[in-house]
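Geometric and topological summary
The lines below spell out each chain.
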Amino acid sequence: MVEASSDTAPTPSQSKSLLKRLAGPSSAKAGLTNDQSDINRIIAEASKGSKYYENEKKKDKELTERIKRLLQTQNTAMKEADLAQVESTVSHVLIELESLRDTSQIIVHIDADAFFANCELLYNPDLKGKPFGVGKGVLTTASYEARKFGVRSGMAAFIAKKLCPELILLSIHPQRYSDMSKKVMAILARYDPDMLVASCDEAYLNITEYCEQHNVTAEECVSEMRRIVQEETKLTVSAGIAPNRMLAKICSDKNKPNGQFHLPFNSQAIKDFMVDLPVRKVPGIGRVLERMLESIGVTTCGDIFTHRVSIALLDKEFGLRFMLQTYMGIASNVVRPYSREERKSIGAERTFHPLADKDKILQKLEEVAEELENDMTETGWAGRTVTLKYKLDDYQVFTRAKSFERWITKKVDLFATGKELLLPELPLKIRLIGLRVTKLKDLKLSTDSGIKRYFSGPTEQTSPRKKRKISSENNQDVDYNWQDCILLDGDEEDCKTLEDELLSLTKPASPRASAAPEGAVPTHESKPVSAKAAGKKRSIESQISCPLCGKELNTNDNQKVNAHIDFCLSREAIQEADGQLPDAKAKSKSQANAWSWFLDPKTKPRSKGK
DNA sequence: GCGGATCAC
DNA sequence: TATGGTGATCCGC
């Protein structure tokens, strides 16, 4: 049934997710204000009837249908699968993951507070205490005063004005932010010359060595770091201290703004931390995955364990391994500078007032092609595949691509290819045109860049000439990737389906330590051996004890570990059947309890009403 | 290799 | 009065 033009009174069930969707991605990730639903209502009110709104409604509906199919899949799978077997497999994976846990490195995530807004404050101190936003059509940042009204980054300016009529709107000054970013990063680099600059306002550091050498605790080190940043730049930053990047990032949000949070480095504390954490806080879990997880009863990371069988059965949709890692708070602890080789694409795109005229559209395309050529020339890239992107009047997005044998660098080629891809699609009413080049070749490779990079250090971004554009509060550079960090063997294959999980258990456990510079395995061992790394103890616990009988197991011999665990599992099952175990309920239940000493921190998943 | 979708910032 | 830009990844085909 199609709901009759819900413009007046949307169906409650569907409008809930739609209202949230309209509020934008950042409203959910950041801390909520008192009455988010009121704010969401105002936003929806202001959006109503627009093409943007209609498109969001359509996407929301499609997601609802997708979830419906998902639940059907789950239903049939639950009937047909051997649930005990699935659960056992999950248990194996959990054991294996626990054995890979590495808490030997102190990772810090630094996140500047309302970066663009606070930069503007330096240039215009009168704004202090006032609600303001940075950006023209769409806000890149909102001051903390503005946030109290529900104003968020990514929000359309006219909507923000509705939420906060007093709101002051500033235009963006990329140069200012770039300069400040460099200052901040230069300070941070004193604590880890190999730090990862994740964006213009975020960085990851490994301060293990610094703390050892200067005989300070992590907390002291980070306090000092933050104090010096504030002294030297007048900007405040927040920090998270944890044994891996995912946790550090989540922690940096905990005491924002101008605060830090230190997560204890033991397995149990980490699991206690994760159990009540909303899945949406986890990097990589966005609005869609959040809703899909919610549909199977998972809203916190603790719920992942409760619903692990469902997640395993829906591995394709959720990624079992990623979910289990998340539940356990396991992720990569590798921190190293961004390198040019890692770049995969370069592109440019522009939004404009919707155009239907062919020549005017082509003119936009040409402008984009020119921009892209300039960027490619300055940064030294060529590529073999050109992808055209266009967004229609109604916000639908399409891409069309073409590959070549030769290297593309010039505007004429970019334009001609874009034109060739676009013309067959016309006539259309278009509001955005973009071009992107992939299959890159590094034109700066065998030049002097190697030496330059050696001397310039991690804060030096790309071209020394012209700064790269900063299009929003956040910027270029890669980051995330927690997933492929803990894979058992990184070679090509996914290692994601259940079958693969089972297979992987029989493969050698050693994660191909020093081999293969392909980079796909950023576990701690793959870090290039530097003077720094050499001093560190790589204390991956190669010993764990069996959760059932307590026997010490050597995790380097996976086959033996599995044989032993299988043995204990079956023994447990037999005892249970004989009623020898005190808590002999359903087999699955008992098995869960058997692992609970390290898996199930609080047996009650969702009871805590904080 | 291509196109759609999702995600981060 | 009318919702951004850059880059990455994954899936299905």
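Each value, and the rule that gives it
- Residues numbered from 1 in each chain as written.
- Chains lettered and ligands numbered in written order.
- Predicted model: local features only at pLDDT ≥ 70, side-chain atom pairs only at ≥ 80, totals over all residues.
- Heavy atoms only, no water.
- UniProt positions renumbered as here; feature names shortened; annotations may be inferred.
- Helix = DSSP H or I, 4+ residues; strand = E, 2+ residues; numbered from the N terminus.
- Contact = heavy atoms within 4.5 Å.
- Areas by Shrake-Rupley, 256 points an atom, 1.4 Å probe, with all protein chains shown as cover.
- Expected span 1.5 Å × (residues − 1).
- Buried < 20%, exposed > 50% of the residue type's maximum accessible area, 1.4 Å probe, protein only.
- Axes fitted to C-alpha atoms, helices over the stretch in contact; angles between N-to-C directions.
- Parallel < 35°, antiparallel > 145°, perpendicular 65-115°, else oblique.
- Left-handed = near helix turned anticlockwise from the far one by under 90°.
- Nonpolar A, V, L, I, M, F, W, Y, C, P; charged D, E, K, R; others polar.
- Pairing = 2+ DSSP bridges.
- pLDDT = per-residue confidence, 0-100.
- Salt bridge = Lys/Arg side-chain N within 4 Å of Asp/Glu carboxyl O.
- Core = buried A, V, L, I, M, F, W, Y, C linked by side-chain atoms within 4.5 Å.
- Domains from an automatic or database assignment.
- Polar contact = N/O pair within 3.5 Å; in protein donor to acceptor, adjacent residues only side chain to side chain.

As annotated in an unreviewed UniProt entry, chain A carries the name DNA polymerase kappa and comes from Lentinula aff. detonsa. Turning to chain A, the UniProt annotation filed under Sequence similarities (unreviewed entry) states: "Belongs to the DNA polymerase type-Y family." What the UniProt record of chain A gives under Catalytic activity (unreviewed entry) is the line "DNA(n) + a 2'-deoxyribonucleoside 5'-triphosphate = DNA(n+1) + diphosphate".

Looking only at helices and strands, one finds 25 helices and 14 strands in chain A. Contacts in chain A between residues at least 24 apart in sequence constitute 69% of all its contacts with a sequence separation of at least 6. Of the roughly 29700 Å² of accessible surface on chain A, a fraction of 53% belongs to carbon and sulfur atoms.

Here the focus is helix α4 (residues 51-80). Over its 30 residues, α4 runs 44 Å from end to end, which matches the ideal 44 Å to within 8%, given 1.5 Å per residue. Three or more residues of α4 are buried, namely Y53, N55, E56, K57, D60, L63, I67, L70, Q74 and A77.

A few words now on the packing of α4 against helix α14 (residues 287-295). When two helices pack together, their arrangement is given by the angle between their axes and by how far apart the axes lie. Where α4 contacts α14, the axes come no closer than 10 Å and their chain directions differ by 40°. Taken as axis vectors, α4 and α14 run oblique relative to one another. In terms of crossing hand, the pair formed by α4 and α14 is right-handed. The segment α4 lies against α14, with D60, L63, T64, R66, I67, L70 and L71 engaging V288, R291, M292 and S295. Of the residues in the contact of α4 with α14, the class split is six nonpolar, two polar and three charged.

With that settled, the discussion passes to the UniProt feature "coiled-coil region" (unreviewed entry) in chain A. In this numbering, the UniProt entry assigns the feature "coiled-coil region" (unreviewed entry) to residues 355-382. A helix fraction of 79% and a strand fraction of 11% characterise residues 355-382, whose end C-alpha atoms lie 30 Å from each other.

We now examine the sheet that holds strand β1 (residues 107-112). Read across the open sheet, the five strands follow the order β5-β6-β1-β7-β8; overall the sheet is mixed. On the outer flanks of this sheet lie β5 (196-199) and β8 (260-262), each paired with one strand and no other. For this sheet, the mean inter-axis angle between neighbouring strands, taken without regard to orientation, is 15°. The strands touched by helix α12 (residues 245-252) are β1, β5, β6 (202-206), β7 (237-242) and β8; relative to β7, the strand with the most contacts, the crossing angle is about 140°.

Another point: the sheet that holds strand β10 (residues 381-392). Pairing within the open sheet is antiparallel, and its four strands lie in the order β9-β12-β10-β11. Only two strands of the sheet have a single partner each, and these edge strands are β9 (345-355) and β11 (397-408). Sheet twist, expressed as the average angle between the axes of neighbouring strands with direction ignored, equals 15°.

For the rest of this paragraph, the subject is the confidence of the model for chain A. Confidence in the prediction for chain A averages 77 pLDDT; 70% of positions are at 70 or higher. This model gives residues 448-551 a pLDDT under 50, and the stretch forms 207 contacts once residues within four places in sequence are excluded.

Enumeration over the complete set of coordinates arrives at 29 salt bridges. Its salt-bridge partner being R308, residue E87 comes within 3.3 Å of it at the nearest N-O pair. Taken as a pair, E87 in helix α5 (residues 83-100) and R308 in helix α16 (residues 308-313) lie far apart in primary sequence, 221 residues in all. In terms of burial, E87 and R308 fall into one category: buried. Between D253 and K281 there is a salt bridge, with the nearest N and O atoms lying 3.5 Å from each other. Of this pair, D253 sits in the loop between α12 and β8 while K281 sits in the loop between α13 (267-275) and α14; the two residues are 28 residues apart in sequence, bridging distant segments of the chain. By sharing partners, the salt bridges in this structure join R21, E56, K59, D60 and R291 into a single network.

Quick look at the environment of L440 now. Structurally, the position occupied by L440 is in strand β12 (residues 430-442). Classification of L440 as buried rests on a relative accessible area of 18%. For the pair L440 and K344, spaced 96 residues apart in sequence, the C-alpha to C-alpha distance is 6.4 Å.

Turning next to the side chain of N55. Tracing the sequence through the fold places N55 in helix α4. Overall, N55 belongs to the buried group, its relative accessible area being 8%. Beyond its immediate stretch of four places on either side in the chain, N55 contacts D394, Y395 and Q396.

Attention now moves to the nonpolar core. Formed by 50 residues in total, the largest nonpolar core has its most connected members in F318 and M323. Among the elements that take part in this core, helix α18 (residues 320-328) stands out by supplying six residues, more than any other. Looking at which domains feed residues into this core, each of domain 1 (1-76 + 131-165) and domain 2 (81-114 + 174-337 + 458-541) supplies at least three. When neighbours within four sequence positions are excluded, F318 is seen to be in contact with L70, L289, M292, L293, I296, I311 and M323. In terms of nonpolar packing, the next biggest core, distinct from the first, is built from 40 residues, L127, L170, A189 and Y210 among them.

Across the 12 residues that make up β10, a large majority, 10, are buried. As paired strands, β10 and β12 are joined by 11 bridges and run antiparallel to one another. Each residue of the ladder has a partner; that of L388, found in β12, is L435. In the sheet, β10 pairs with β11 via eight bridges, with the strands oriented antiparallel. Bridge pairing in β11 links Y390 to F398.

Looking now at α12. Among the eight residues that make up α12, seven are buried, leaving the element largely enclosed by the rest of the structure. Along α12, the residues classified as buried are R245, M246, L247, A248, I250, C251 and S252. The N-capping residue of α12, defined by a side-chain oxygen 3.1 Å from the backbone nitrogen of M246, is N244.

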